[in-house]
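Examination of the molecular architecture
In case you want the letters, here they are:
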Amino acid sequence: MNDRTQLDTLAVHAGFKADPITGAVNPPVYFTSTYIQEEPGKHTGYEYARTQHPTREVLEKAVAELEGGTDGIAFASGCAATSTLIQLLKSGDHVVSFDDVYGGTRRIFEQIYTSLGIDFTFADLSNSDNFDAACTEKTRMLWIETPTNPMLKLADIRELSKRAKERGILVVVDNTFLSPYLQNPLSLGADIVLHSTTKYLNGHSDSVGGIVVTSNPELADRLRFLQNAIGAVPGPMDCYLVHRGLKTLALRMQRHTENAMQLASYLEAHPKVDTLWYPWLESHPQMALAREQTRGGGGMITMTLKGDLENARRFLCAVSIFALAESLGGVESLIEHPAIMTHASVPAKERAQLGISDTLVRLSVGVESVTDLRNDLDQALAAAY
Ligand code: P1T
């Protein structure tokens, strides 16, 4: 596993040294859709920008290095990466997925691939035994998101990977919530790690993208084939922005984590907060696993408020530094209502089972002054009752 010291340096330098022609310390953004060929089939290794793109390669190499993998394959969004990964499967295959995943991920599984003949079982993978119970002889993929969105449940990546490997099942881990700075699933036994680069990797809420990393050469070849054949690729400017964002990943993740830890402790003791989830707090049922598997709790906090939907609504409308918005992982603090916003596509019955209630609120804690953030939440909670 990369340790923090290595990651501090890698985050700044991964993927690119200096431009060999000019010495520029930042990668050129190649705005081109195609490349000239000397004669048919005689080219520089670059034929067409969906197939190979030098700015995209810089990003792919950088994230692969940060995750401790050999190959990175970038996509136009986290959802495009998810969808392309499911294309590794065929009709009749079965996937076991964590039940509490990003609403858009569940929508891809249930509303797109189910009708194409792929079966999904959603299980509470915070208990690894539920994975065994959900497996069939057709299970080909295990889909883990840890910590989960929005309930911040954890899956034991090492244990589940071991069990999956015994059955020949491919393990995918969506590492969006922690970033490679705080968790490296490949080193714990996963085959593929996925990120919505829209979030912490980019970190500035100014681009949408996705990426997957693996160290398995056959999987990498197949994923490169799918990247080109399906074509859900990111543009050069987005690749540049994410790569630029990576340089401050270590600094940002440290600050997100410090701020979130302090706010979580403060909010947990607040009389208007009912239940709060933050993986590195004593109150989290999986704190021991969190401290073993990750290098920090990250910037996400989930909580239920006392009262009803109307109190939650008033609270969300009263914040002023926190922005009421979907997404997460940017330098600015965001807050949202999963049942109405990010997880609206999850059917109400399943939302209720998962605990995504009307008073559930999710915070993406930014890098602002923690005192200002705390005061903002304090005044908004006061305004809500
Ligand atoms: O938005 P996109 O880049 O397509 O990424 C999808 C995605 C994948 N995985 C996780 C864990 C995610 O949280 C997301 C996107 N999530 C939000 C937009 C959100 O507000 O939760």
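Attention in this report is confined to the structure presented alongside it. Remember, predicted model here, so these are calculated numbers, not experimental data. (Residues numbered from 1 in each chain as written. Predicted model: local features only at pLDDT ≥ 70, side-chain atom pairs only at ≥ 80, totals over all residues. Heavy atoms only, no water.)

1. Details of helix α3 (residues 78–86)
- Here α3 lies mainly inside the structure; seven of its nine residues are buried.
- Taken as a whole, α3 has its buried residues at G78, A80, A81, T82, T84, L85 and I86. (Buried < 20%, exposed > 50% of the residue type's maximum accessible area, 1.4 Å probe, protein only. Helix = DSSP H or I, 4+ residues; strand = E, 2+ residues; numbered from the N terminus.)

2. Points about the site of the ligand
- The environment of the ligand is formed by 18 residues, the closest being D174, S196, T198, S327 and R362.
- With respect to the ligand, the backbone of C79 contributes an N or O atom lying 2.8 Å from an oxygen atom.
- One of the backbone N or O atoms of S327 is found 2.8 Å from an oxygen atom in the ligand.
- When the ligand is considered free in solution it has 480 Å² of accessible area, and contact with the protein chains removes 93% of it.
- According to the grid-proximity analysis, the pocket containing the ligand is the largest pocket.
- For the shell around the ligand, the residue count by class is four nonpolar, nine polar and five charged. (Near = heavy atom within 4 Å. Polar contact = N/O pair within 3.5 Å; in protein donor to acceptor, adjacent residues only side chain to side chain. Areas by Shrake-Rupley, 256 points an atom, 1.4 Å probe, with all protein chains shown as cover. 1 Å grid on protein atoms, 1.4 Å probe; cavity = no way out; pocket = protein on both sides within 12 Å on 5 of 7 lines; lining within 4 Å. Sits in = over half its atoms within 2 Å of the grid points. Nonpolar A, V, L, I, M, F, W, Y, C, P; charged D, E, K, R; others polar.)

3. Some remarks on the environment of C135
- Mapped onto the secondary structure, C135 falls in the loop between α5 (129–134) and β4 (139–145).
- Note on C135: relative accessible area 14%, which makes it buried.
- When the C-alpha positions of C135 and I169 are compared, they lie 9.6 Å apart, and in sequence the two are 34 residues distant.
- Beyond its immediate sequence surroundings of up to four residues, C135 is in contact with V96, R167 and I169. (Contact = heavy atoms within 4.5 Å.)

4. What about the side chain of D100?
- In this fold, D100 is placed in the loop between β2 (94–98) and α4 (103–113).
- One buried charged residue, D100, remains without a salt bridge, the closest side chain of opposite sign being K153 at 5.5 Å.
- At 2.9 Å, the side chain of D100 and the backbone nitrogen of M151 are in polar contact.
- Those residues within four positions of D100 in sequence are excluded, and the remaining contacts are E145, T148, N149, P150, M151, L152, K153, L354 and I356. (Lys, Arg positive; Asp, Glu negative; His and termini not counted. Salt bridge = Lys/Arg side-chain N within 4 Å of Asp/Glu carboxyl O.)

5. Description of the pairing of strand β12 (residues 360–364)
- Burial analysis of β12 places five of its five residues in the buried class, which makes it a mostly covered element.
- Side chains L360, R362 and S364 of β12 all project onto a buried face; the interleaved residues V361 and L363 project onto the opposite face, where all are buried too.
- Note that strand β9 (residues 300–305) and β12 share five bridges and pair antiparallel. By the bridge assignment for β12, I301 is matched with L363.
- Pairing of strand β11 (residues 334–336) with β12, which is carried by three bridges, proceeds in the antiparallel orientation. Opposite I335, over in β12, you have L363 as the bridge partner. (Pairing = 2+ DSSP bridges.)

6. Some words on the side chain of T146
- Inspection of the secondary structure puts T146 in the loop between β4 and α6 (157–166).
- Within the structure, the side chain of T146 is placed 3.0 Å from the backbone nitrogen of A155, a separation counted as a polar contact.
- When near neighbours in sequence (up to four residues on either side) are disregarded, T146 contacts K153, L154, A155, I157, V173, D174, L178, Q183 and Q293.

7. A closer look at the packing of helix α12 (residues 309–318) against helix α14 (residues 370–383)
- It is at 8 Å that the axes of α12 and α14 come closest, and there the two elements cross at 140°. Relative to α14, the element α12 lies oblique. Helix-helix and strand crossings are classified by hand; for α12 and α14 the assignment is right-handed. The residues of α14 that touch α12, namely those facing R314, F315 and A318, are D376, L377, Q379, A380, L381 and A383.
- Of the residues belonging to the contact of α12 with α14, the class tally is six nonpolar, one polar and two charged. (Axes fitted to C-alpha atoms, helices over the stretch in contact; angles between N-to-C directions. Parallel < 35°, antiparallel > 145°, perpendicular 65-115°, else oblique. Left-handed = near helix turned anticlockwise from the far one by under 90°.)

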